[in-house]
Amino acid sequence: MIGHHNMNHIRPLGQPLALLLGERSGQVRAKFRTPFETIEVVPRIWPRESEILRVVGSRLPDAPRCLADFGVWSLDTLVKGRVLSDVVPEGTVGADRLAALADFFVTLSDVPKEELPGLPADWPEDGDSLGFLHWLAGFAADRVYQANLPRFGALFDAVGVPGDAMERFLNATPPLTRRPFALLHTDVHRANIVLSPRRDGERLVVIDWETAMYGDPLHELATHLVRMQYGKTEKDLMVGLWAEAMRRAGHGEMAAGLERDLPSYLGFELAQSVFPDVMRAALRLPDQPTDRDFAEAAERVCRALWRAREPLRLEERPVDEDVVRQALRRWQASDDRVALVKGRGKGVRGWDDSRRRKRRGGSPGAGLLNGMIGALLLTRMTVMPR
């Protein structure tokens, strides 16, 4: 299994690893998670996903459990079932599933701040919704756009990504209502929702907590709405179910200013996605791209710019795909030369290069398993009383 940030190997736990972890041999299927180098496009305020899994585990018993975390790689339990993106890759999700997702968001809002890991020193104070949105925009401007200018700056300019994109967005953003902060998953989309079978039906289980954070719950709702790609009917239904569930659970203040402020968070999600969408389109080009490859990449770039035209105050005219295709051709040729000069070899482009993942991944061999067993043995020996 390959995600944007990790290579995941699914295997049943056998001896001696199961014994060392206190699990029954053959009874637990586990996910060996190994990160690969990525271009940073989303904030990660808590480096270890295992810390969040421990917090949510007491409230979401079906969530994955971290069996072992050694920083570079980790071992989690596998949630049984099929991901929603395989069952319903697009289109209608269904009212019952939307209601279940609304209840999930309420559960996150029930988690006290005191149970969460520490926050960065520059984190906005609880309830400062506008300060939180400014922090997100600052991350997108500094850590996503500015940090990637050496490699992608010419491409950004050529396809029409404005250098002051986040400044444009913030200048057009009205003051926001103050809302209590909550634990946020920030990436609840179809590929991160597992439909887990039960005797009385299915249960929705949300996985991949590595980009969780603490902030305005409207940011959570907005990222969910955009990344699920709901139709208008289900989008409106989801917003209504979310607000109703929050109020029913005693979190009505988290839905304060919903109608006025949600468009700002939706606009931010579309505006900031221009940076990663352009880079992904370029990085997904194969070593020897065809005209069709360039056309498909250009279409993705144009779609991202068109979706962001209002929050970024871009011109209303459609982006010229011919111009984008030529820009991608120039970037691809230039980036290959840079890669060869640095000795990285053709094809080693970034986090969306499937060939690179295969070289770094494949099936978990003896090295990975033996390394995990050795680390666990060392840990057990260290904590054993003398």
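Just so we're clear, the structure is a prediction, and the values are computed from it rather than from any experiment. (Residues numbered from 1 in each chain as written. Predicted model: local features only at pLDDT ≥ 70, side-chain atom pairs only at ≥ 80, totals over all residues. Heavy atoms only, no water.)

Notes on the side chain of arginine 190
Phase 1 of the analysis: Relative to the helices and strands, arginine 190 resides in the loop between strand E6 (182-184) and strand E7 (193-198).
Phase 2 of the analysis: An unpaired buried charge is present at arginine 190: no salt bridge exists, and glutamate 234, the closest side chain of opposite charge, is 5.4 Å distant.
Phase 3 of the analysis: For arginine 190, the residues in contact, after removing those within four places along its chain, are Val83, Leu84, Ser85, Val88, Pro89, Glu90, Gly91, Val93, Met228 and Gln229. (Helix = DSSP H or I, 4+ residues; strand = E, 2+ residues; numbered from the N terminus. Buried < 20%, exposed > 50% of the residue type's maximum accessible area, 1.4 Å probe, protein only. Lys, Arg positive; Asp, Glu negative; His and termini not counted. Salt bridge = Lys/Arg side-chain N within 4 Å of Asp/Glu carboxyl O. Contact = heavy atoms within 4.5 Å.)

Points about the confidence of the model for the protein chain
Detailed reading of the predicted model is not advised wherever pLDDT is low.
Phase 1 of the analysis: Summary statistics for the protein chain give a mean pLDDT of 83 and a share of 75% for residues scoring 70 or more.
Phase 2 of the analysis: Every residue in residues 340-366 is under pLDDT 50, and counting partners more than four places away or in other chains gives 65 contacts.
Phase 3 of the analysis: In this model, residues 376-386 is a region of pLDDT below 50 whose contacts with residues beyond four sequence positions or in other chains number 10 contacts. (pLDDT = per-residue confidence, 0-100.)

Examining empty space enclosed by the protein
Phase 1 of the analysis: This model, assessed by the stated rule, comprises 2 cavities of 30 Å³ or more.
Phase 2 of the analysis: Taken together, Phe105, Leu108, Ser109, Ala182, Leu183, Leu184, Pro217, Glu220, Trp242 and Met246 make up the full set of residues lining the largest cavity.
Phase 3 of the analysis: When contributions to the lining of the largest cavity are tallied by element, the ones reaching two or more residues are helix H4 (95-109), E6, helix H8 (217-228) and helix H9 (232-248).
Phase 4 of the analysis: Of the residues assigned to the lining of the largest cavity, the class counts are 8 nonpolar, 1 polar and 1 charged. (1 Å grid on protein atoms, 1.4 Å probe; cavity = no way out; pocket = protein on both sides within 12 Å on 5 of 7 lines; lining within 4 Å. Points joined across faces, edges and corners; volume = space filled by probe spheres on them. Nonpolar A, V, L, I, M, F, W, Y, C, P; charged D, E, K, R; others polar.)

What about helix H6 (residues 149-159)?
Phase 1 of the analysis: Here H6 has its buried residues at Phe152, Gly153, Leu155, Phe156 and Val159.
Phase 2 of the analysis: Once H6 ends, the next one or two residues include glycine 160, with phi positive near 95°.

Comments concerning the sheet that holds strand E8 (residues 201-206)
Phase 1 of the analysis: What the 3 strands build is an open sheet, ordered E5-E7-E8; its pairing is antiparallel. Edge positions in the sheet fall to strand E5 (82-83) and E8, since each has one partner strand and no second.
Phase 2 of the analysis: Most of the contacts of H4 go to E8, to which it runs at about 40°, and overall it touches E7 and E8. (Pairing = 2+ DSSP bridges. Axes fitted to C-alpha atoms, helices over the stretch in contact; angles between N-to-C directions.)

Points about the environment of arginine 44
Phase 1 of the analysis: Position of arginine 44 among the secondary structure elements: in the loop between strand E2 (29-35) and helix H2 (49-57).
Phase 2 of the analysis: By relative accessible area, arginine 44 is classed as partly exposed at 40%.

Brief notes about the environment of proline 286
Phase 1 of the analysis: Residue position: proline 286 is located in the loop between helix H11 (274-283) and helix H12 (291-307).
Phase 2 of the analysis: A relative accessible area of 25% places proline 286 in the partly exposed class.
Phase 3 of the analysis: C-alpha of proline 286 to C-alpha of glutamine 332: the two residues are 46 residues apart in sequence and 9.3 Å apart in space.

Some details on the packing of H11 against H12
Describing two packed helices takes the angle between their axes plus the distance from one axis to the other.
Phase 1 of the analysis: Between H11 and H12, the shortest axis-to-axis distance is 9 Å and the interhelical angle comes to 175°. Judged on the interaxial angle alone, H12 and H11 are roughly antiparallel. Along the contact surface, H11 presents Val274, Asp277, Val278 and Ala281, while H12 presents Ala297, Arg300, Val301, Ala304 and Leu305. (Parallel < 35°, antiparallel > 145°, perpendicular 65-115°, else oblique.)

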